[in-house]
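Now for the letters of each chain:
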Amino acid sequence: VSRCWFLGNTVQENGSCGCLYAINGSTVENTLVDGTRGLCIGGGIIASGVGTTIRNCTVARNMIGTTGIFRPIATATGLDYRSSGGPTVVNCAFALNEEPTIMGPGKSAWQSDSQPVLAANSFNCAFGGGAEIVGANSIAVDDDNPLLFKDAPAGDFAITRKSPLHNAGVYDPSWMDGAADLAGNPRIDHYRRGTGLVDIGAYEAPYVPTATIMFIR
């Protein structure tokens, strides 16, 4: 799954489900999952299985436990990580997700049956909603920060150079060179000392060259 929008989906399954179920070697990249509503575990993305990779995705404004009777076990509106096989999660933004049942906002970004496995296989991700930060070089983000996305209330999850997601990702030349982000812009359009600068999430903020000012007397 590459460069896709999943917007405003409803999940009615009364159990383990999600807008996307990535399993057994599948890859989801440069994709936005926004506005999933339902009564389940794993409202945004479920990741499981050997070789499964979730990279440079934005998972936002998903909510579960909102239809019918709230299920007390409903949680993980962003990422539901199944440790079997050790799926990889890298450069992903999980923000503005809501889980109004008893688990509370601290689990709105993710849940896992094994936090150590998730921590060992996630890199340079951004977690909002007060969730515990897991994974190397991952960061906490404030869901209320107006600079996080261009216009989240309007569904615009592109970022600017002022966003904490800008240049906070990790460069992977095996697939990023020549690739496009969700908007069709180059995933890598600037290098520093031979290393590509990459943003977290589905969108890349366009590179703006530093201007040179010359004074002539």
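Residues numbered from 1 in each chain as written. Predicted model: local features only at pLDDT ≥ 70, side-chain atom pairs only at ≥ 80, totals over all residues. Heavy atoms only, no water.

Can you explain the overall build of the protein? Please cite residues and give values.
Regarding its fold elements, the protein presents one helix and 19 strands. With 217 residues in all, the protein has 51% of them scored as buried. Look at the contacts in the protein between residues 6 or more apart in sequence, and 70% of them connect residues 24 or more apart. For the protein, the computed accessible surface area is about 9900 Å², with 55% contributed by carbon and sulfur atoms. (Helix = DSSP H or I, 4+ residues; strand = E, 2+ residues; numbered from the N terminus. Buried < 20%, exposed > 50% of the residue type's maximum accessible area, 1.4 Å probe, protein only. Contact = heavy atoms within 4.5 Å. Areas by Shrake-Rupley, 256 points an atom, 1.4 Å probe, with all protein chains shown as cover.)

Lay out the sheet that holds strand E7 (residues 45-48) in plain terms, naming residues and giving numbers.
The sheet built from four strands is open, its strands ordered E3-E7-E11-E14 with parallel pairing. Two strands in the sheet have a free side with no partner beyond their single neighbour: strand E3 (20-23) and strand E14 (110-112). This sheet shows a mean twist of 15 degrees between the axes of neighbouring strands, independent of strand direction. As paired elements, strand E11 (residues 79-81) and E14 share three bridges and run parallel to each other. The residue of E14 that forms the bridge with aspartate 80 is glutamine 111. (Pairing = 2+ DSSP bridges. Axes fitted to C-alpha atoms, helices over the stretch in contact; angles between N-to-C directions.)

Break down the confidence of the model for the protein for me, with residues and values.
Averaged over all residues, the pLDDT of the protein equals 85, while 82% of them reach at least 70. Segment residues 102-107 is flagged for pLDDT under 50; beyond a separation of four residues in sequence, or across chains, it makes 13 contacts in the model. (pLDDT = per-residue confidence, 0-100.)

So, unusual backbone geometry: which residues are in play, and what are the values?
The phi dihedral of asparagine 56 is positive, around 50 degrees, even though this residue is not glycine. Note that asparagine 56 resides in the loop between strand E8 (53-55) and strand E9 (58-60). The phi angle at arginine 61 is positive, at roughly 60 degrees, despite the residue not being glycine.

Explain the nonpolar core to me, using residue names and the numbers behind them.
The biggest cluster of nonpolar side chains holds 22 residues, and the ones touching the most others in it are Ile54, Leu79, Val89, Phe94, Trp110 and Phe127. Among the secondary structure elements, those contributing two or more residues to this core are E3, E7 and E11. Within the second largest apolar cluster, 19 residues are counted, among which are Ala60, Leu148, Ala168 and Ile200. (Core = buried A, V, L, I, M, F, W, Y, C linked by side-chain atoms within 4.5 Å.)

I'd love a proper account of the environment of aspartate 113, names of residues and values included.
Its location among the elements puts aspartate 113 in the loop between E14 and helix H1 (115-121). On a C-alpha basis, the gap between aspartate 113 and serine 83 in space is 6.3 Å, while along the polypeptide they are 30 residues apart. At 2.9 Å, the side chain of aspartate 113 and the backbone nitrogen of serine 83 are in polar contact. (Polar contact = N/O pair within 3.5 Å; in protein donor to acceptor, adjacent residues only side chain to side chain.)

An account of the side chain of arginine 187 is needed here, citing residue identities and associated values.
Here arginine 187 shows up in the loop between strand E17 (139-140) and strand E18 (191-192). Within the structure, the side chain of arginine 187 is placed 3.1 Å from the backbone oxygen of glycine 201, a separation counted as a polar contact.

Help me get a handle on the pairing of E3, residues and values and all.
Of the two faces of E3, only the one carrying Leu20 and Ala22 is buried; Tyr21 and Ile23 on the other face are not. Two strands pair when backbone bridges link them, and E3 and E7 are joined in this way by four bridges, in the parallel orientation. From the neighbouring strand, tyrosine 21 faces E7, where its bridge partner is isoleucine 46.

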